[in-house]
Amino acid sequence: MLLWLLGAALLARAAGFYLPGLAPVSFCEPGKELVPGCKLTIELFVNRLDSVESVLPYEYTAFDFCSEKKMKRPSENLGQVLFGERIEPSPYKFDFKKRAECKSVCTRTYDTTNPSDKAKLDFLKKGMLLNYQHHWIVDNMPVTWCYDVEDGQKFCNPGFPIGCYVTEGGRPKDACVVNSNFNEKDAFYIFNHVDITIHYHVVEHEQLGARLVAAKIEPKSYENPNDDSPDCSGGPKFLKNKYTGVFKIPYTYSVNFVEDKNIRWASRWDYILESMPHTNIQWFSIMNSLVIVLFLSGMVAMIMLRTLHKDIARYNQMDSVEDAQEEFGWKLVHGDVFRPPRKGMVLSVFLGSGTQIFIMTFVTLFFACLGFLSPANRGGLMTCAVVLWVLLGTPAGYVAARLYKSFGGEKWKTNVLLTAFLCPGVVFADFFVMNLILWGEGSSAAMPFGTLVAILALWFCISVPLTFIGAYFGFKKAGIEHPVRTNQIPRQIPEQSFYTKPFPGIVMGGILPFGCIFIQLFFILNSIWSHQMYYMFGFLFLVFIILVITCSEATILLCYFHLCAEDYHWQWRSFLTSGFTAVYFLVYAIHYFFSKLQITGLASTILYFGYTMIMALIFFLFTGTIGFFACFWFVTKIYSVVKVD
């Protein structure tokens with residue numbers, strides 16, 4: 001399967017091969033249909049509206065904008081539904097290369113004496129106050145609002161505001177700073193006009209017509225005194241906060257076409273992504289992580305090649321009984337090192353779920369690196385992750401059952417039920433509570449009841465049976481054979497120094513893995529909560545590999561120190577040492593909330609921390625599993641090369 005995907009990625013460079021759903025669309029002028037199947041009309045689709053000041057996204061129709069009710073909305077994949085994306089057709093339609101000036105779309109009239117109209121107007125004002133942003137789509141490409149920022153750079157935002165607010169003190173908020181005419185105190189300025197510029201590229205050699213390579217927009221506000229024949233004149237359209245009476249909002253647009261010979265269809269996202277100056281910081285993050293990995297690798301290599309080599313050579317040269325009685329260090333606990341841990345049932349369940357998450361993450365990021373889950377493939381990343389998680393029930397059940405049997409457990413029914421329901425159940429319960437809040441707030445992110453049933457069906461009808469199958473094969477196989485026998489009577493652990501006690505070691509163990517990822521974590525949180533595009537999956541995959549190496553090496557290092565201190569309780573400690581990285585992640589998420597976000601409102605705050613707890617739990621299982629298996633390999637390796645009487 002992986003070889004087939006790799007072959008597909010190589011073929012993607014050849015002419016005529018495109019990823020599913022991402023093939024180019026040709027456009028031509030009316031009356032010049034030289035290319036078979038070319039489109040004459042450009043359709044503009046609208047997505048949900050979101051805000052950096054609120055976690056709650058809303059559908060386009062929730063704000064009573066001009067809507068298209070005749071056309072059927074495009075089908076959405078599972079990832080889009082989970083993220084609350086609601087793509088709908090819009091009344092903004094225009095013929096290719098046909099210029100339009102101040103064309104009317106519709107006029108909305110509100111009478112504040114009518115409770116329904118007043119509620120709609122109040123909701124629109126609330127949206128402007130919280131800086132809600134439009135997200136429009138043309139030819140599966142975001143319509144961007146490009147503006148100059150400091151140092152002469154241009155930033156292209158895949159969204160634009162519905163309006164802005166000037167405070168009672170005359171201070172313009174958000175987008176109101178762009179126009180000095182927005183100076184009316186305690187007033188809302190509505191962006192009721194848009195100038196749309198479509199950039200296209202003519203494919204001359206292939207005779208495939210023209211392809212759209214960019215769609216840019218500039219929101220404006222016009223009074224438009226003549227609703228029947230708008231001319232986009234007059235001052236800006238504003239609404240006083242305490243206005244009463246009848247209020248009309250005419251919506252208009254202009255469209256212009258520009259031929260661009262420099263941008264090709266395959267690189268049409270570049271101008272959006274290049275305006276985000278993150279690449280240098282990403283390289284700094286990678287170099288920072290590599291330094292940590294090299295440091296840890298050096299420490300582990302020194303232990304493995306020097307200290308351990310000397311220890312093993314010395315232990316193996318002990319021929320007399322007197323020498324054997326004078327054992328010390330990690331060999332002294334060889335009869336207890338594979339003793340089953342306390343709460344082995346819970347540990348095996350965690351490791352089964354962690355294995356499921358690890359494989360899911362690896363495969364998802366691998367697909368993303370191949371380009372299958374690019375930003376153009378909306379919802380593809382989440383859909384891929386959910387489907388993989390459902391299909392990976394078998395390795396979860398197998399790992400949990402095999403380890404539980406190796407721990408000497410016999411309650412196999414309880415083990416398989418906990419593997420299938422404990423961790424997924426906690427995540428689903430948290431998600432369901434968050435969904436209830438979204439339902440109550442009328443947000444577009446609220447999952448429809450049918451989709452909720454579909455997810456439960458995937459869980460109960462596919463994931464659970466696959467977990468049972470994996471557990472069956474895990475219990476059927478013999479337990480893992482250890483290189484040394486376990487004594488019947490457990491050895492007493494000597495008094496430990498501060499640094500070799502469990503809690504300090506666990507706390508220290510999570511620092512280095514977190515140090516490798518915290519910069520990358522900033523961009524991931526930005527993409528989730530600040531609605532920025534995340535596209536550097538190559539960087540992310542590299543950081544993923546570095547995280548796996550760092551977790552493994554840090555856990556092995558601490559495991560060796562604890563074994564030398566004659567503390568043989570390594571199973572839970574290795575899991576928690578690496579898993580403690582999730583606690584640092586949680587602390588960073590709290591810091592990010594208070595220092596970077598402007599989220600207001602109780603519902604948004606609860607949603608942020610509710611979803612953050614889900615991410616922290618998944619990260620805990622993921623990193624903890626890496627630490628356990630790294631330590632398991634290390635302990636098995638060192639005790640398998642020592643002669644034990």
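All values reported here derive from a predicted model rather than from experimental measurement.

1. Some details on the overall build of the protein
- When helices and strands are counted, the protein shows 17 helices and 17 strands.
- For the protein, the residues scored as buried account for 52% of the 645 residues in total.
- For the protein, long-range pairs separated by at least 24 residues make up 78% of all intrachain contacts whose partners lie at least 6 apart in sequence.
- When the accessible surface of the protein is totalled, it reaches about 30600 Å², and 62% of it is carbon and sulfur.

2. With respect to the packing of helix 15 (residues 571-579) against helix 16 (residues 581-595)
- At a minimum axis separation of 5 Å, helix 15 and helix 16 run at an interaxial angle of 25°. Comparing the axis directions of helix 15 and helix 16 gives the class roughly parallel. Contact residues: Thr577, Ser578 and Gly579 in helix 15; Thr581, Ala582 and Val583 in helix 16.
- The residue inventory of the contact of helix 15 with helix 16, partitioned by class, reads 2 nonpolar, 4 polar and no charged.

3. Description of helix 16
- Taking 1.5 Å per residue as the helical rise, helix 16 with its 15 residues ought to reach 21 Å, and the 21 Å between its terminal C-alpha atoms agrees with that figure.
- All buried positions along helix 16 are accounted for by Thr581, Ala582, Phe585, Tyr588, Ala589, Tyr592 and Phe593. All buried residues of helix 16 lie within an arc of 140° about the axis, which places them on one face of the element. Relative to its buried face, helix 16 has exposed residues pointing more than 90 degrees away, namely Val587 and Phe594.

4. Topic: the sheet that holds strand 8 (residues 141-142)
- Overall, antiparallel pairing links the 4 strands, which are arranged 4-1-7-8 in an open sheet. Sheet topology places strand 4 (88-95) and strand 8 at the edges, where each strand pairs with a single neighbour.
- As defined by bridge partners, strand 1 (residues 41-46) adjoins strand 7 (residues 136-138) across 3 bridges and the pair is classed as antiparallel. Opposite Val46, over in strand 7, you have Trp136 as the bridge partner.

5. Points about the pairing of strand 12 (residues 163-166)
- Along strand 12, one buried face is formed by Gly163 and Tyr165 and the opposite face, lined by Cys164 and Val166, is buried too.
- Pairing geometry for strand 12 and strand 13 (residues 187-190), over 4 bridges, is antiparallel. Looking at strand 13, one finds that Gly163 is bridged to Ile190.

6. Considerations on the confidence of the model for the protein
- This prediction gives the protein a mean pLDDT of 83; 87% of its residues lie at or above 70.
- Low pLDDT (under 50) marks residues 1-21, which in the prediction has 17 contacts with non-local residues, meaning those over four places away or in another chain.
- Here residues 320-326 is a poorly scored stretch, pLDDT under 50, and it has 2 contacts once near neighbours within four places are set aside; other chains count.

7. With respect to the layout of surface pockets
- Empty space within the second largest pocket amounts to approximately 930 Å³.
- Surrounding the second largest pocket, 37 residues form its lining, Asn131, Gln133, Trp145, Tyr147 and Asn157 being those nearest its centre.
- When contributions to the lining of the second largest pocket are tallied by element, the ones reaching two or more residues are strand 2 (49-51), strand 9 (145-148), strand 10 (154-157) and strand 15 (209-220).
- In terms of residue count, the dominant contributor to the lining of the second largest pocket is strand 15 (3 residues).

8. So, the packing of aromatic side chains
- Tallied over the full model, the rule gives 63 aromatic pairs.
- Arranged with centres 4.8 Å apart and planes meeting at 35°, the rings of Phe63 and Phe123 form a pair that is tilted. With Phe63 in the loop between strand 3 (54-58) and helix 2 (78-82) and Phe123 in helix 3 (residues 115-129), this pair connects stretches of sequence that are 60 residues apart.
- Judged by centre distance (5.7 Å) and plane angle (20°), the rings of Trp570 and Phe628 are stacked. You can see Trp570 sitting in the loop between helix 14 (537-564) and helix 15 and its partner Phe628 sitting in helix 17 (residues 602-640), a full 58 residues away along the chain. Neither residue differs from the other here; Trp570 and Phe628 are each classed as buried.
- Members of the aromatic cluster, each reached through a chain of ring pairs, are Phe358, Phe362, Phe366, Phe541, Phe544, Phe585, Phe619 and Phe622.
- Taking NZ or CZ as reference, Lys237 lies 4.8 Å from the ring centre of Phe247, over its face.

9. Looking at the side chain of Thr144
- Looking at the secondary structure, you find Thr144 in the loop between strand 8 and strand 9.
- Its relative accessible area of 0% is what places Thr144 among the buried residues.
- Beyond its immediate stretch of four places on either side in the chain, Thr144 contacts Cys156, Asn157, Pro158, Ala215, Lys216, Ile217, Tyr271 and Ile272.

10. Considerations on the sheet that holds strand 14 (residues 193-203)
- Strand order in the open sheet formed by 4 strands is 5-17-14-15, and the pairing between neighbours is mixed. The two strands at the open ends of the sheet, each matched to only one other strand, are strand 5 (100-111) and strand 15. The sheet shows a mean angle of 20° between the axes of neighbouring strands, direction not considered.
- Direction of pairing for strand 14 relative to strand 17 (residues 246-259): parallel, over a ladder of 8 bridges. Counted as the bridge partner of Ile196 is Val255 from strand 17.

11. A short note on the environment of Gln80
- Turning to its location among the elements, Gln80 is positioned in helix 2.
- Taking the relative accessible area as the measure of exposure, Gln80 reaches 6% and is therefore buried.
- Each C-alpha atom of the pair Gln80 and Gly380 lies 7.9 Å from the other, and the pair is 300 residues apart in sequence.
- The residues contacting Gln80, other than those within four sequence positions of it, are Ser75, Glu85, Arg86, Ile87, Arg378 and Gly379.

12. Looking at the pattern of salt bridges
- Enumeration over the complete set of coordinates arrives at 11 salt bridges.
- Put simply, Lys93 and Glu68 hold a salt bridge, and the shortest N to O gap is 3.4 Å. With a gap of 25 residues between them, Lys93 in strand 4 and Glu68 in the loop between strand 3 and helix 2 connect regions that are remote in the sequence.
- By relative accessible area, which is 24% here, Lys93 ends up partly exposed.
- Taking the relative accessible area as the measure of exposure, Glu68 reaches 21% and is therefore partly exposed.
- Arg268 serves as the salt-bridge partner of Asp139, at 2.9 Å between the closest nitrogen and oxygen. One end of the pair, Asp139, is in the loop between strand 7 and strand 8; the other, Arg268, is in the loop between strand 17 and helix 4 (270-274), and 129 residues separate them in sequence.

13. Here we look at the state of the cysteines
- Under the criterion given, the structure shown has 5 disulfides.
- Here Cys66 connects covalently by a disulfide to Cys106, the sulfurs 1.7 Å from one another. Measuring handedness by torsion sign, the sulfur bridge of Cys66 and Cys106 sits at about -85° and is left-handed. With a gap of 40 residues between them, Cys66 in the loop between strand 3 and helix 2 and Cys106 in strand 5 connect regions that are remote in the sequence. Cys106 carries the same exposure label as Cys66, and that label is buried.
- Two residues share a disulfide in this structure: Cys146 and Cys156, whose sulfurs sit 2.2 Å from each other. Judged by the torsion about the S-S bond (110°), the Cys146/Cys156 disulfide is right-handed. On the criterion of sequence distance, the pair formed by Cys146 in strand 9 and Cys156 in strand 10 is long-range, its members being 10 residues apart. Take Cys146 and Cys156: they sit in the same class, and that class is buried.
- Between Cys516, a cysteine without a disulfide, and Cys551, which holds the nearest cysteine sulfur, the sulfur-to-sulfur distance is 8.2 Å.

Conventions we followed
- Starting afresh in each chain, residues are numbered from 1 along the sequence in its written order.
- Given that this is a predicted model, residues contribute local features only at a pLDDT of at least 70 and side-chain atom pairs are listed and counted only at 80 or more, while totals for whole chains, interfaces and linings are drawn from all residues.
- The side-chain figures draw on all heavy atoms in the structure; neither hydrogens nor water molecules are used.
- A run of H or I in DSSP counts as a helix once it spans at least four residues, and a run of E counts as a strand once it spans at least two, with each numbered from the N terminus.
- Relative accessible area decides the class of each residue, using a 1.4 Å probe on protein chains only: under 20% of the type maximum gives buried, over 50% gives exposed, and in between gives partly exposed.
- The contact criterion used throughout is that any non-hydrogen atoms of two residues lie within 4.5 Å.
- Here the accessible surface of atoms and residues is derived via Shrake-Rupley with a 1.4 Å probe, and residues count as covered only by protein chains that are part of the display.
- Note on geometry: axes are lines fitted to C-alpha atoms, helical ones only across the stretch in contact, with angles between N-to-C directions running from 0 to 180 degrees.
- Under this scheme an angle from 65 to 115 degrees is roughly perpendicular, one under 35 degrees roughly parallel, and one over 145 degrees roughly antiparallel; angles in between are oblique.
- We call Asp, Glu, Lys and Arg charged. Ala, Val, Leu, Ile, Met, Phe, Trp, Tyr, Cys and Pro are nonpolar, and the rest, Gly among them, are polar.
- Here, expected helix span is obtained from the residue count minus one, scaled by 1.5 Å.
- The directions from the helix axis to the C-beta atoms form the arc being described.
- At least two DSSP bridges between two strands are needed for those strands to be called paired.
- The quantity called pLDDT is the predictor's confidence in a given residue, expressed from 0 to 100.
- Definitions used for this entry: grid spacing 1 Å over protein atoms alone; cavity, a set of points where a 1.4 Å probe fits but cannot get out; pocket, an open set with protein on both sides within 12 Å along at least 5 of 7 lines; lining residue, one with an atom within 4 Å of a point.
- Grid points are joined across faces, edges and corners, and a volume is the space filled by probe spheres set on the points.
- Each Phe, Tyr or Trp ring (for Trp, its six-membered ring) is paired with any other whose centre lies within 6.5 Å, and the angle between the two planes then decides the class: stacked below 30 degrees, edge-to-face above 60, tilted in between.
- Only Lys NZ and Arg CZ are tested; either one counts as a charge over a ring when it is within 6 Å of the ring centre and within 35 degrees of the ring normal.
- Just to be clear on terms, a salt bridge is a Lys or Arg side-chain nitrogen sitting within 4 Å of an Asp or Glu carboxyl oxygen.
- Here, two cysteine sulfur atoms that lie within 2.5 Å of each other are counted as a disulfide.

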